[in-house]
Amino acid sequence: MIPARIFTRFCLPALLALLVLPTCTAALRAADNAPVTDIPPAPAGSIWSVQTDSARNPAGAAQAVLRMRSSVTPEARMLLLYSADSSPWYVVELTASPDREAARQAAEAYLRTSGRKAVVRQMDAALHEERTVPEVLLREPQNIAQLSVANTAAAPVAQASSVSTADQTPLRAEPAQPASGQIDNEQSASVLVDNEQSASVLVDNEQSASVLVDNEQPASVLVDNEQPASVLVDNEQPAPVLADSEQSVPMLTSVLAEDEQPKPGEAATANAEAAVAPEQRAPYTPFNADSRQAALIIARSTFMQGDHEGARAMYRVLLTQYGPDEEIVAGYVDTLLEGRRWAEAESELAAWRARSPQSLDAVRQTARLYLLMADENGNYEAAFPWLETILEQTPEDTDIKSDYAYARLNAGDWNGALALFSDVLDADPGNADAAEAVRIICRDHSPQLRADFRSEVQTGNISINTLETEYSRQLNPAWRLAVSEERSSIHRKGNNQGTTGIATEILRHSVRARNDINTRWSLLSGISYFSGKAEGMGAEAGFERRDLLGGTLSLEGELNAPWLSTLDAVDREGTTDTYTARYERPLNDFWSMSASAGAVRYSLENISGYSWQEREEFALTRSIRYLPDLSASYIFTRTRQHYRQNDPAERPVDLVDKEDIHALRLEMLHWYNDYVALRAFGSAGYDVFRPSPLFGAGCGLRFRLGERIDLDAGFEYNNDTGQVGGGEAKALTSSIIFRF
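The structure displayed is predicted, hence computed values, not measured ones.

**Observations concerning the pattern of salt bridges**
Phase 1: Counted by the stated rule, this structure contains 42 salt bridges.
Phase 2: Notably, a salt bridge pairs Glu-309 with Arg-312, separated by 3.6 Å at the nearest N-O pair. Placement of the pair is Glu-309 and Arg-312 together in helix H9 (residues 308-322), with a separation of 3 residues, close to one helical turn.
Phase 3: For Arg-341, the salt bridge is made with Glu-344, and the minimal N-O distance between the two is 2.8 Å.
Phase 4: Linked through salt bridges whose partners overlap, the residues forming this network are Glu-309, Arg-312, Arg-341 and Glu-344.

**Some points on a negative patch on the surface**
Phase 1: Negative charge collects at one region of the surface, where Glu-535, Asp-571, Glu-573 and Glu-605 lie side by side.
Phase 2: By secondary structure assignment, the location of Glu-605 is in the loop between strand E19 (591-604) and strand E20 (607-625).
Phase 3: A relative accessible area of 52% means that Glu-605 is categorised as exposed.

**Some points on the environment of Phe-738**
Phase 1: Checked against the element boundaries, Phe-738 lands in strand E26 (residues 729-739).
Phase 2: For Phe-738, a relative accessible area of 30% puts it in the partly exposed group.
Phase 3: Along the chain, Phe-738 and Leu-449 lie 289 residues apart, while their C-alpha atoms are 5.2 Å from each other.
Phase 4: Not counting the four nearest positions on each side in its chain, Phe-738 is found in contact with Pro-447, Gln-448, Leu-449, Arg-708 and Ile-709.

**A word on the pairing of strand E11 (residues 448-458)**
Phase 1: Summarising the sheet, E11 and strand E12 (residues 462-474) pair through 11 bridges and their orientation is antiparallel. Paired with Gln-458 across the two strands is Ile-462, which belongs to E12.
Phase 2: Hairpin connection from E11 to E12: 3 residues lie between these consecutive antiparallel strands, with Gly-460 at a positive phi of about 100°.
Phase 3: Examined bridge by bridge, E11 and E26 share 11 bridges and lie antiparallel to one another. Looking at the pairing, Val-457 lines up with Lys-730 of E26.

**Structural notes on the confidence of the model for the protein**
Phase 1: Counting all residues, the mean pLDDT for the protein is 75, and 72% of those residues have values of 70 or more.
Phase 2: Here residues 4-8 is a poorly scored stretch, pLDDT under 50, and it has 5 contacts once near neighbours within four places are set aside; other chains count.
Phase 3: The low-confidence segment residues 15-44 (pLDDT under 50) makes 33 contacts with residues lying over four places distant or belonging to another chain.

**Side note on helix H8 (residues 291-304)**
The periodicity of an α-helix, 3.6 residues per turn, causes residues three or four places apart in sequence to face the same way.
Phase 1: With 14 residues, H8 extends 20 Å from end C-alpha to end C-alpha; this agrees with the ideal 20 Å at 1.5 Å per step.
Phase 2: Residues of H8 that are buried: Ser-291, Arg-292, Gln-293, Ala-294, Ala-295, Leu-296, Ala-299, Thr-302 and Phe-303.
Phase 3: Directly after H8, the chain includes Gly-306, whose backbone phi takes a positive value near 95°.

**Examining the packing of helix H12 (residues 360-377) against helix H13 (residues 384-393)**
Between two packed helices, the angle of one axis relative to the other and the distance separating the axes together describe the packing.
Phase 1: Direction vectors running N to C along H12 and H13 enclose 145°, while the axes themselves pass 8 Å from each other. The way H12 lies across H13 gives a crossing that is left-handed. On H13, the residues touching Leu-360, Val-363, Arg-364, Thr-366, Ala-367, Tyr-370 and Leu-371 of H12 are Trp-386, Leu-387, Thr-389, Ile-390 and Gln-393.
Phase 2: Broken down by class, the residue content of the contact of H12 with H13 amounts to 8 nonpolar, 3 polar and 1 charged.

**Some points on the packing of aromatic side chains**
Phase 1: Per the counting criterion, the structure on display carries 10 aromatic pairs.
Phase 2: Aromatic side chains Tyr-406 and Phe-421 sit 4.9 Å apart centroid to centroid with 75° between the ring planes, which places their arrangement in the edge-to-face category. Taken together, the residues Tyr-406 in helix H14 (residues 398-410) and Phe-421 in helix H15 (residues 414-427) connect sequence positions 15 residues apart.
Phase 3: The class for Phe-421 is buried, based on a relative accessible area of 0%.
Phase 4: Seen from their ring centres, Trp-521 and Phe-543 are 5.9 Å apart, and the 40° between their planes marks the pair as tilted. Placement of the pair is Trp-521 in strand E15 (residues 521-532) and Phe-543 in strand E16 (residues 536-548), with a sequence separation of 22 residues.
Phase 5: According to the relative accessible area criterion, Trp-521 is partly exposed, its value standing at 37%.

**Considerations on the nonpolar core**
Phase 1: One finds Tyr-315, Leu-369, Tyr-380, Leu-387 and Phe-421 to be the most contacted residues of the largest nonpolar core, which totals 47 residues.
Phase 2: For this core, the element with the most residues is H12, which contributes 8 residues.
Phase 3: Trp-48, Ala-76, Met-78 and Ala-107 belong to the second-largest nonpolar core, a separate cluster that totals 22 residues.

Cut-offs and rules
- Residues numbered from 1 in each chain as written.
- Predicted model: local features only at pLDDT ≥ 70, side-chain atom pairs only at ≥ 80, totals over all residues.
- Heavy atoms only, no water.
- Salt bridge = Lys/Arg side-chain N within 4 Å of Asp/Glu carboxyl O.
- Helix = DSSP H or I, 4+ residues; strand = E, 2+ residues; numbered from the N terminus.
- Patch = residues over 30% accessible without salt bridge, like charges linked within 9 Å, V, L, I, M, F, W, Y side chains within 5 Å.
- Areas by Shrake-Rupley, 256 points an atom, 1.4 Å probe, with all protein chains shown as cover.
- Lys, Arg positive; Asp, Glu negative; His and termini not counted.
- Charge placed at Lys NZ, Arg CZ, Asp CG, Glu CD.
- Buried < 20%, exposed > 50% of the residue type's maximum accessible area, 1.4 Å probe, protein only.
- Contact = heavy atoms within 4.5 Å.
- Pairing = 2+ DSSP bridges.
- pLDDT = per-residue confidence, 0-100.
- Expected span 1.5 Å × (residues − 1).
- Axes fitted to C-alpha atoms, helices over the stretch in contact; angles between N-to-C directions.
- Left-handed = near helix turned anticlockwise from the far one by under 90°.
- Nonpolar A, V, L, I, M, F, W, Y, C, P; charged D, E, K, R; others polar.
- Phe/Tyr/Trp six-rings, centres within 6.5 Å; stacked < 30°, edge-to-face > 60°.
- Core = buried A, V, L, I, M, F, W, Y, C linked by side-chain atoms within 4.5 Å.

Dropping the structure here:
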């Protein structure tokens, strides 16, 4: 025979569970299939509550409800629930419905609107209505805590008697039993505990739900000190509940043995103490899910996956719910910066600095904003004060010092950049980027000797050989001086058809200077002396303005230079005056543009102002690939010639009257190693005023012999010289640079 004590403790509860469970399951299925109506839920039935947040702080939950009512969901309200230790939890509820499908639709609508997931819980209708926080208390959250203590102490057994969750075997009622509804909606909801620990709850799909609390230490909930207790989740699957390994209070008091039940008076006292001393509360439950941290993780993950607009929407919802929390603001600013929303980021950072004047993160993000903007507008100086502020507080931060050095270099202050990179190398000798930057700066600004040679052969037995030698050095960080000599030898054989022979040589001696006034302005000046066929003095002048609408503007003029572009003019000692304005700007990481406009004034012997030529050019370049460097450019060139003599018979030298040339050019540079590179280009186009196409091509090799010597040798071909007579042109080119 079965002892009476064993029958009472084990068999009888099992029989009762078998009798009650089918009835509860049928009731749940009927509720799932019920249509959505306006009929209020039955007093003792089941409803579906769509929840978005939970907290122990009533003021925070009340503010979240008020914010949602003013922006996203006017139906939002607050519930007063209890954890296993009978301490209160304040849950923000989106809506409630007697039909599960309607609750799911409400949760999906909230996700589409706000970017955040809502949690659908099944709750007891009577308990739900009984613990809804009244409207008047939302604006007086200090009274909510008093209400929770009073509700806990008053008639705890009556409150607990209304607890019955569908799809579960009814458990023995305990004083202050929590309303532990199940998570539904065929989704998984992740909750973070103590800002680090996560708990995944999988429901409605024959999976069990486990909750990891505090430090992920498992603890079994024992019944009668031997048998484990399982919680059935929506489909009769067991879900083990894991609690803090250091906590002695079980999480589910409803499954404790009868001799372990606390007295009603003791439960009320514990509830009151928990409300007064929150730091002593017992283990967390699913109601303490830190939805703020969970939402932050989702937003960060969305951002890292490249969906910047989606992450931005999530952060905006978080700001609406939690206010200008610094962690949320930092993530929101990241999405604005990556989305190139400069104005919004600047406004948000200004408000951040106003709220937290001592926040170094706000200053770092501000410096990053202006550095990113400078890549488009060229105004690197705007980032200088913020980078300097960071270095004042963290002088050993080599990353910020490197950023500051690159900003100085891009702004044109190579000397300041060199000093900063040197400091970085002193602190971190293994910094390869800083070492490479120092090497490049020293290469570009060291004293050097350069020699360029070009030998060109044109149709008609024409040869033009030019050799230019230049020595330049940096006098100080602001001034650089260059001295050069250019020797041009031009030959053309005569024939019986009336073409005269030409054999002339022109020498040009020049002194040029460049003065970098500051990071934005530079002045150019020079003087030249010509001898040989053409004799006289020439002058050069100009300026360069950087950081102008994100680009660089230069204006240059050269007066009384020899007329070398037309052979007949060379033989007659012609001169030219050239004026050119040029603007260059990178549009983004791949596109850049340049535009130029100018005029050339031609003079021939005693005919001053023989002709004026107008010239405009526009080029749009697309970087296609890096390593090898491959780029494509579209170039449009327009010229118009205006003669002083109206009668063509009075013009001894002919020039091309007008051109409208459209051309496509491809360029490639590939370094095989540190010493050898291949360069090549090709172009094709047409002139609107000429029927034949124009094309050209070229290739060459570059050699880098250590840090001091660079060599370049190449070949070029064009099917049209650009002169009135036309003809092909072939040229050999070479260059050598020696750095001292």
